[in-house]
Each structure stands twice: as structure tokens, then as C-alpha cells.
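# Fold and contact review
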Amino acid sequence: MIGDKLETILDYQKLIDQSIRRLGGYWRTLSGLARVTEEVGELAELLLTKEMDPDKIGGELADVFIISTCLANQFATDLTMEYEKIGLPTNVIEMECSNENVSASDLLLALMKRAGTIARIINHYDGDKPMKQTEEKLSLGGQVAHLHQELFSFASALESTVFDHVAKTVRKNVKRDQHRFAITYDPITEPGATEALELSTLFQQGSRFWSARPWDASQTTEQNLSVTQLTVDRFKKCAHAEGLDGLVLTIPLLLQDAHTQFQLDPTRFSVIDEQGTDQYGIYKIIPI
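First, a word on scope: everything that follows refers to the structure included in this document. Within any chain, residue numbers begin from 1 and follow the written order of that chain's sequence. A pLDDT threshold of at least 70 governs which residues receive local features in this predicted model, and a stricter bar of 80 or more applies before side-chain atom pairs are shown or counted, although totals over entire chains, interfaces and linings include all residues. In computing side-chain values, all of the structure's heavy atoms are included and hydrogens and water are not.

### Quick notes on the overall build of the protein
By definition, any uninterrupted DSSP run of H or I lasting at least four residues is a helix, any uninterrupted run of E lasting at least two residues is a strand, and each is numbered from the N terminus. Assigned secondary structure in the protein consists of eleven helices and four strands. Taken over the C-alpha atoms alone, the protein extends approximately 65 × 45 × 30 Å along its principal axes. Throughout this description, buried means an accessible area under 20% of the type-specific maximum (1.4 Å probe, protein chains only), exposed means over 50%, and partly exposed covers the range between. Scored against the burial criterion, the 288 residues of the protein give a buried share of 49%. The long-range fraction of contacts in the protein, counting pairs at least 24 apart against all pairs at least 6 apart in sequence, stands at 73%. For the area figures, the Shrake-Rupley method with a 1.4 Å probe applies, and any residue is considered shielded solely by the protein chains shown. For the protein, the exposed area adds up to about 14,300 Å²; of that, 49% sits on carbon and sulfur atoms. Here the positive residues are Lys and Arg and the negative ones are Asp and Glu; neither His nor the chain ends is included. Every charge is mapped to an atom, namely NZ of Lys, CZ of Arg, CG of Asp or CD of Glu. Averaged over its 28 positive side-chain charges, the protein has a centre that lies 4 Å from the centre of its 42 negative ones. Whether two residues are in contact is decided by their heavy atoms, any of which lying within 4.5 Å being enough.

As C-alpha cells, then:
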């Protein structure tokens, strides 16, 4: 993919996913969020300089696009669908638009505001801030699509582009960032779903699955269940808003009652028993 022709947002989404997997996997979402904030701040620094270096601008634009796409990827977002919802073209040639009547500083403020909205969503999912009852439920994938739209407009206001720099930045990162960042478990990179369901692609409806960590025979049942519960709890928070298709669990056959075991509301989640092995069952938790 890194050497392939890139024409659509799905191509770029897959390119970024492939590069992250080559580096060992995704960061924690809160770390990714911190990096989005950092990169938007660096764009602001460049805007304040008297003479802006076009290559630096392009590199920072690409960084914001790449890191925000990483966040979308971690929730298996179908960015093609999210772009279409807001009327944004999915073909790269048509994607980068101009906003001649909007200043770069105003567009930067829009980017900063959108990054704050994304931060609020991530904090609900993975931080310690519960969502208010009166708060509007927004999807992270939808907000990343809006951020991209604003990023393209900001680039145009600076007479720059995003996609001219993304592939180059990805290649640079793959060479530079081996072992640079702490990598943690992420349900989008666990092989359970792709192996159990024989998925041929990600980031498209019908194939947007998370996987819990494989059962570790060297640990006790209680330890394994504790680790699995963490993933299930995250899934329960975000599955409906993000439109995830399901979560795949591979657990011992003796643990049959997943609704009770993982405190699942049967009005919001169904559990499908897939074909497993002699020792382990494969279960899909599906949002209703």
C-alpha cells in the first residue's frame, strides 16, 4: 500500500493503518489525542511566524491528518461514509477545497474547537469524564471527518495541500519511529476478529469489529476475565455512537452466559455463538 497509487480517503486510511501496524501498533487513544492537540498547536505556531516555510506547513498539515485518522482507525471508522454524510468528496482530487472568504486564523480556530470536541468524546470513552445526561451524543468518526474538512480548508487558505505531504510523512515516520513510542494493546489490531470472521478488509460497514485480547492460559480465569471486561466496558461506551459492528471474544467454553458474565444489557446487545474449538468458544457481541 505504501507504494501504491492513492486516490480515495479509504486508500489513505489503509495506508496509515498499515504504517502504524509496521511500527508495532497504535498508541493509547488519550496519547493520540495529546498528539492531535500538539500538532494543531504547531500549526498555530507556524501561522504566527512572519515567513512560513511551505514544507513545514505541509508536514504539520499531514501530521494532523495522520494522527486524527489514527484515532478514527482505532474505532474502525468508515471515513468514506462519514465524508459522504457531510458532503465531502471521497476522491482525493476533488477533496481539497478552497474557502476564499474565510481567513486562515478563523479556520485555525475552527480546527482548535473541533479538536476540543474530539477530546471530549475520547474522554467519555477512555478517560474519567462521564457524559452528561443532557449532552449531545456525537461520534468520534463524524468529528474526525469534520476536522479533515476544516483542515483541507485551512490548507487552502495557506495555499498548501494536505495529500501532497501525507505519503511522504508516512514513509518518514516508518523509518524514524521504530521503537520510539510506547505501544499498547488495541482492539482494532488484535487478530481475533479477522481470523474468526475471515474479514478481508477493515473500515467498511459489515467488517467493523473489535477483538478482545486472546485468552492467556498462563493466567487465572479471574485475571483473564478482568482484562476482557476492560475491553467490553470500552465497547459498551462507544459501540452504538461509532456504529461498530461487533466485538469478538475468544473465551473458554465453560463461560457460556456472556450477558451475565460481562454485564451486558440484553436490550442493547445480543451475543452470537460462533464456531469455536474444542476448548474455546468464539462469541460476537453485537449492538442492537
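### Topic: the sheet that holds strand β2 (residues 246-252)
Paired strands, in this sense, are two strands between which DSSP finds at least two bridges. On the basis of which strands lie adjacent, the open sheet formed by four strands has the order β1-β2-β4-β3 and mixed pairing. The strands lining the two open edges of the sheet, one partner per strand, are β1 (209-211) and β3 (269-274). When strand polarity is set aside, the average angle formed by the axes of neighbouring strands in this sheet is 25 degrees. In the sheet, β2 pairs with strand β4 (residues 280-287) via six bridges, with the strands oriented antiparallel. Bridge pairing in β4 links Pro-252 to Tyr-280. Each axis is a line fitted through C-alpha atoms, and for a helix only the stretch in contact is used; angles between axes span 0 to 180 degrees, taken between their N-to-C directions. Against the sheet, helix α10 (residues 221-242) contacts β1, β2, β3 and β4, and its axis sits at roughly 160 degrees relative to β2.

### A few points about the side chain of Lys-284
Considering the arrangement of structural elements, one finds Lys-284 in strand β4. Apart from residues no more than four positions distant in its own chain, Lys-284 is found in contact with Leu-197, Phe-209, Leu-247, Val-248, Ser-270, Val-271, Ile-272 and Glu-274.

### Some words on α10
An ideal rise of 1.5 Å per residue puts 32 Å on 22 residues; α10 measures up with 30 Å between its terminal C-alpha atoms. Along α10, the largest kink reaches about 35 degrees and is centred on Lys-236. Among all positions in α10, only Asn-224, Leu-225, Thr-228, Gln-229, Thr-231, Val-232, Arg-234, Phe-235, Lys-236, Cys-238, Ala-239 and Glu-242 are buried. Backbone geometry just downstream of α10 places Gly-243 in the positive-phi region, at approximately 70 degrees. Expected helix span is computed as 1.5 Å times (number of residues minus one). At every residue, the bend is computed as the angle between two fitted axes, covering the seven residues ending there and the seven beginning there respectively.

### What about helix α6 (residues 104-126)?
For α6, spanning 23 residues, the distance from its first C-alpha to its last is 32 Å, which sits close to the expected 33 Å at 1.5 Å a residue. Inspection of α6 places Ala-104, Leu-107, Leu-108, Leu-111, Arg-114, Ala-115, Thr-117, Ile-118, Ile-121, Ile-122, His-124 and Tyr-125 among the buried residues, and these make up the whole buried set. For α6, the elements touching its buried residues are α2 (29-48), α3 (54-74), α7 (140-157) and α10.

### As for the pairing of β4
Counting buried residues along β4, seven of its eight residues qualify, which places the element largely inside the surrounding structure. Across six bridges, the pairing between β3 and β4 is antiparallel. Looking at β4, one finds that Glu-274 is bridged to Ile-282.

### Looking at the nonpolar core
To qualify as a nonpolar core, a set must consist of buried Ala, Val, Leu, Ile, Met, Phe, Trp, Tyr and Cys residues joined through side-chain atoms within 4.5 Å. Phe-65, Tyr-83, Leu-140, Phe-154 and Val-166 are the most contacted members of the largest nonpolar core, which has 74 residues in total. Filtering out sequence-adjacent residues up to four positions away, Val-166 remains in contact with Tyr-12, Ala-62, Phe-65 and Ile-66. Residues Ala-193, Phe-209, Ile-282 and Ile-286 belong to the second largest nonpolar core, which totals five residues.

### Notes on the side chain of Thr-117
Within the element layout of this structure, Thr-117 appears in helix α6. Among the residues examined, Thr-117 registers a relative accessible area of 12% and is labelled buried.

### Quick word on unusual backbone geometry
Glycine aside, negative phi is the norm for most residues, and most peptide bonds take the trans geometry. Here the phi dihedral of Ala-76 falls at roughly 55 degrees; this positive angle occurs in a residue that is not glycine. Along the chain, Ala-76 falls in the loop between α3 and α4 (79-85). Of note in this structure, Gln-263 is not a glycine but carries a positive phi near 55 degrees.

### Overview of the packing of α2 against α3
Their axes nearest at 9 Å, the elements α2 and α3 cross at an angle of 160 degrees. Here α3 runs roughly antiparallel to α2, going by the angle between their axes. The chirality of how α2 crosses α3 is left-handed. Here Thr-29, Gly-32, Leu-33, Arg-35, Val-36, Glu-39, Val-40, Glu-42, Leu-43 and Leu-46 of α2 lie close against α3, whose contacting residues are Lys-56, Ile-57, Glu-60, Leu-61, Asp-63, Val-64, Ile-67, Ser-68, Leu-71 and Gln-74. Here is the rule for angles: anything less than 35 degrees is roughly parallel, anything more than 145 is roughly antiparallel, 65 through 115 is roughly perpendicular, and the remaining ranges are oblique. Take the far helix as your reference; a near helix turned counterclockwise from it by less than a right angle gives a left-handed crossing, and one turned clockwise gives a right-handed crossing.

### Considerations on the pairing of β2
Sheet faces and side chains relate simply in a regular strand, where the side chains alternate between the two faces. Within β2, six of the seven residues are buried, which leaves it mostly tucked inside the rest of the structure. Note that β1 and β2 share three bridges and pair parallel. Bridge pairing in β2 links Trp-210 to Leu-247. Convention used here: a crossover is right-handed provided that the path from the first strand, over the helix, to the second strand proceeds clockwise when the strands point away from the viewer. Handedness of the β-α-β unit built from β1, α10 and β2 comes out right-handed.

As far as function goes, none of this settles anything; it's purely spatial.
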